[in-house]
Amino acid sequence: MTVPPSDRPTAVSVMDPVVAGQVLPAELRDRLAGHVRLAPGPVGAVFPAAFAEAEVLISGWGCPRLTADVLAKAPRLRAVVHAAGTVKGLVTDAVWERGIVVSSAADANAGPVAAYTLALVTLAARRTLTMAAGYGAGWPAFESRTGADGSTVGIVGASRIGRAVLAGLRRSDAGHRLLLSDPYVTDEQARRLGAERVGLAELCRRSAVVSVHAPLLPETTGLLDAGMLGLIPDGGVLVNTARGAIVDTEALTRECASGRLEAYLDVTDPEPLPPGHPLLSLPNVLVTPHIAGAQGSEVGRLGRYAVAEVERWAAGEPLLGEVTREALHRLA
């Protein structure tokens, strides 16, 4: 049965206006209008007047943090649907204490990150940066070339992206040997993911390519320190599309400056790196400006996911992207 517009819950959309135009274009707003009364508003530190009546907040980049003071202005708020990835910078204890349900479009964002990572692993297996740096001196000798077939790839963290990367590597015809380090995964679960579960030190010792997919937590900050990086074999490669602080920047800089390791970094610590930082000029390091996640035309995925979540919420159905207070500490 169609719910009359006057009886539909009120929703507000608060995100950067440039982002909003791509995340929630007209066709998605029209879809929302069949389920909620959407009152789009300004962004930044200002919530629209309709926030006082809102039962649903559709948030995104640019939405202020939901502190107790902010939530006091929205006494009817029952759901937050985040049209982006992590909600760690958005939610506070006040959200959970109010019993507000929270959803994230992190699943929709995972696809682009996994695809980007798989591309980097392909480049890494061929030692692309080192080969490109030496091109001016002539073609590399045949015996110095490397390929992906049979290479060992170590995945640090069985997050949604880590699992997607494992799945992509399994589909490859390269016959990768896959290692996985994650304290929350059992040997049997790792086998079902197509990987061998090992400790981090063993993963580093055995991997030609180490790809980081763990969340940033107190226990993962600096996880790949000088000791761990030193275990990666000569000629090995580090790929990081997770969080920069998981890797010891100074230790990685030393390893790469020596020429022993290559690195493909979409995230750094600090972020961005200061001008003149050695990692920005080393020929065996590629630093990209946090572009692995949904970019440009891809951000429409986030909006479609968020709109589908609002539709499920309005119908009283479970949210596919629900984030719970208990799970938040383990998420990116």
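Scroll up to find the structure this text is about.
In this text the structure is predicted, and so the values were computed from the model without any measurement. The numbers attached to residues start from 1 for each chain and follow its sequence in the written order. For a predicted model such as this one, the threshold for reporting local features is a pLDDT of at least 70, and the threshold for listing and counting side-chain atom pairs is 80 or more; totals across whole chains, interfaces and linings nevertheless cover every residue. As a rule here, side-chain values cover all heavy atoms of the structure and leave hydrogens and water aside.

Quick look at the overall build of the protein now. What counts as a helix is a DSSP run of H or I of at least four residues, what counts as a strand is a run of E of at least two, and both are numbered from the N terminus. Broken down by element type, the protein carries 13 helices and 13 strands. It is over C-alpha atoms that the radius of gyration is taken, and the globule rule equals 2.2 Å times the number of residues to the power 0.38. For 332 residues, the compact-globule estimate of 2.2 N^0.38 gives 20 Å, and the C-alpha radius of gyration of the protein, at 22 Å, lies within 12% of that figure. Each principal axis of the C-alpha distribution contributes one length, and for the protein these read about 75 × 45 × 35 Å. Here the protein displays about 15300 Å² of accessible surface, and carbon together with sulfur accounts for 56% of that area. Charged residues are defined here as Lys and Arg on the positive side and Asp and Glu on the negative side; His and the ends of the chain fall outside this count. Where a charge lies is defined by one atom per residue type: Lys uses NZ, Arg uses CZ, Asp uses CG and Glu uses CD. With 31 positive and 34 negative side-chain charges, the protein shows a separation of 3 Å between the mean positions of the two kinds. For the area figures, the Shrake-Rupley method with a 1.4 Å probe applies, and any residue is considered shielded solely by the protein chains shown.

Expected span of a helix, by definition, is 1.5 Å for each gap between consecutive residues, and there is one gap fewer than residues. Along its 20 residues, helix α5 (residues 106-125) runs 28 Å from first to last C-alpha, staying within 8% of the 28 Å computed at 1.5 Å per residue. If you check which residues of α5 are buried, you get Ala106, Ala108, Asn109, Ala110, Pro112, Val113, Ala114, Thr117, Leu120, Val121, Ala124 and Ala125. Of the residues flanking the end of α5, it is arginine 127, one or two places downstream, whose phi is positive at about 50°. Between buried and exposed lies partly exposed: a residue is buried under 20% and exposed over 50% of the maximum accessible area for its type, with that area taken using a 1.4 Å probe on protein chains only.

Moving on, we get to the side chain of serine 207. Mapped onto the secondary structure, serine 207 falls in the loop between α9 (200-206) and β9 (209-212). For this analysis, a polar contact is any N or O atom pair within 3.5 Å, provided that within protein one partner can donate a hydrogen and the other can accept it, and provided that sequence-adjacent residues contribute only side-chain to side-chain pairs. For serine 207, the side chain forms a polar contact with the main-chain oxygen of leucine 203, separated by 2.7 Å. When neighbours within four sequence positions are excluded, serine 207 is seen to be in contact with Thr152, Val153, Gly154, Leu179, Ile232 and Pro233. By definition in these notes, contact holds between two residues if any of their heavy atoms fall within 4.5 Å.

Charged atoms that come close allow side chains of opposite charge to pair. In the sections that follow, a salt bridge refers to a side-chain nitrogen of Lys or Arg positioned within 4 Å of a carboxyl oxygen of Asp or Glu. Counting across every chain of the model gives 14 salt bridges. The shortest N-O distance in the salt bridge between arginine 31 and glutamate 311 comes to 2.9 Å. Here arginine 31, found in helix α2 (residues 26-33), pairs with glutamate 311, found in helix α12 (residues 300-314); they are 280 residues apart in sequence, far enough to count as distant. Because the salt bridges share partners, they merge into one network encompassing Glu53, Glu55, Arg76 and Arg78.

Every buried residue belonging to helix α11 (residues 249-257) is among Thr249, Ala251, Leu252, Thr253, Glu255 and Cys256, and all of these are buried. Looking at the buried residues of α11, the elements they touch are α10 (226-231), β10 (237-240), β11 (262-265) and β12 (285-287). Where α11 begins, the capping side chain belongs to aspartate 248, and its oxygen is found 3.1 Å from the backbone nitrogen of glutamate 250. Of the residues flanking the end of α11, it is glycine 259, one or two places downstream, whose phi is positive at about 85°.

A word on the sheet that holds β11. Following DSSP output, two strands are said to pair if at least two bridges run between them. With respect to topology, 7 strands assemble into an open sheet ordered β8-β7-β6-β9-β10-β11-β12, the strand pairing being parallel. The sheet is open, and its two borders are formed by β8 (196-197) and β12, each paired with just one other strand. For strand β6 (residues 152-156) and β9, the ladder comprises 4 bridges, and the chain directions are parallel. Its bridge partner being in β9, valine 156 is matched across the sheet by valine 212. Lines fitted to C-alpha atoms define the axes, with helix axes restricted to the stretch in contact, and inter-axis angles between N-to-C directions lie between 0 and 180 degrees. Along the sheet, helix α7 (residues 160-171) contacts β6 and β7 (177-181); its crossing angle with β6, the most-contacted strand, is approximately 165°. Seen against the sheet, α11 touches β10, β11 and β12 and runs at an angle of roughly 135° to β11.

Now for the environment of arginine 330. Summarising the element assignment, arginine 330 is placed in the segment after α13 (325-328). Not counting chain neighbours up to four residues away, the residues in contact with arginine 330 comprise Tyr184, Pro215 and Leu217.

Taken N-terminus to C-terminus, the directions of α2 and α12 make an angle of 5°; their axes are 10 Å apart at the nearest point. Regarding the angle of α2 to α12, the classification is roughly parallel. In contact with Leu28, Arg31 and Leu32 of α2, α12 contributes Gly303, Arg304, Val307, Ala308, Val310 and Glu311. When grouped by side-chain class, the residues that make up the contact of α2 with α12 number 5 nonpolar, 1 polar and 3 charged. Oblique is the label for every angle not falling under 35 degrees (roughly parallel), over 145 degrees (roughly antiparallel), or within 65 to 115 degrees (roughly perpendicular). All amino acids are sorted into three groups, where Ala, Val, Leu, Ile, Met, Phe, Trp, Tyr, Cys and Pro are nonpolar, Asp, Glu, Lys and Arg are charged, and the leftover types, Gly among them, are polar.

Moving on, we get to the pairing of strand β3 (residues 56-59). It is a general feature of regular strands that their side chains alternate between the two faces of the sheet. Here β3 shows no split at all, with Val56 and Ile58 on one side and Leu57 and Ser59 on the other all buried. Here strand β1 (residues 10-14) pairs with β3 via 4 bridges, running parallel. Opposite alanine 11, over in β3, you have valine 56 as the bridge partner. In terms of strand pairing, β3 meets strand β4 (residues 79-82) through 4 bridges, oriented parallel. Note that in β4 the partner of leucine 57 across the bridge is valine 80.

For the rest of this paragraph, the subject is the environment of cysteine 256. One can find cysteine 256 in helix α11. For the pair cysteine 256 and alanine 79, spaced 177 residues apart in the sequence, the C-alpha separation amounts to 46 Å. Residues in contact with cysteine 256, not counting those within four places in the same chain, are Leu261, Glu262, Ala263, Leu282, Asn284 and Val285.

A word on the packing of aromatic side chains. Centres within 6.5 Å are what make two rings of Phe, Tyr or Trp a pair, Trp counting through its six-membered ring; a difference in plane orientation under 30 degrees is then read as stacked, over 60 as edge-to-face, and the rest as tilted. Under the definition given, this model contains 2 aromatic pairs. Here phenylalanine 47 and phenylalanine 51 contribute two aromatic rings whose centre-to-centre distance is 4.2 Å and whose plane-to-plane angle is 20°, an arrangement assigned as stacked. For the pair shown, phenylalanine 47 and phenylalanine 51 are each scored as buried. Measuring from ring centre to ring centre gives 5.9 Å for tyrosine 135 and tryptophan 139, while their planes differ by 70°; the resulting arrangement is edge-to-face.

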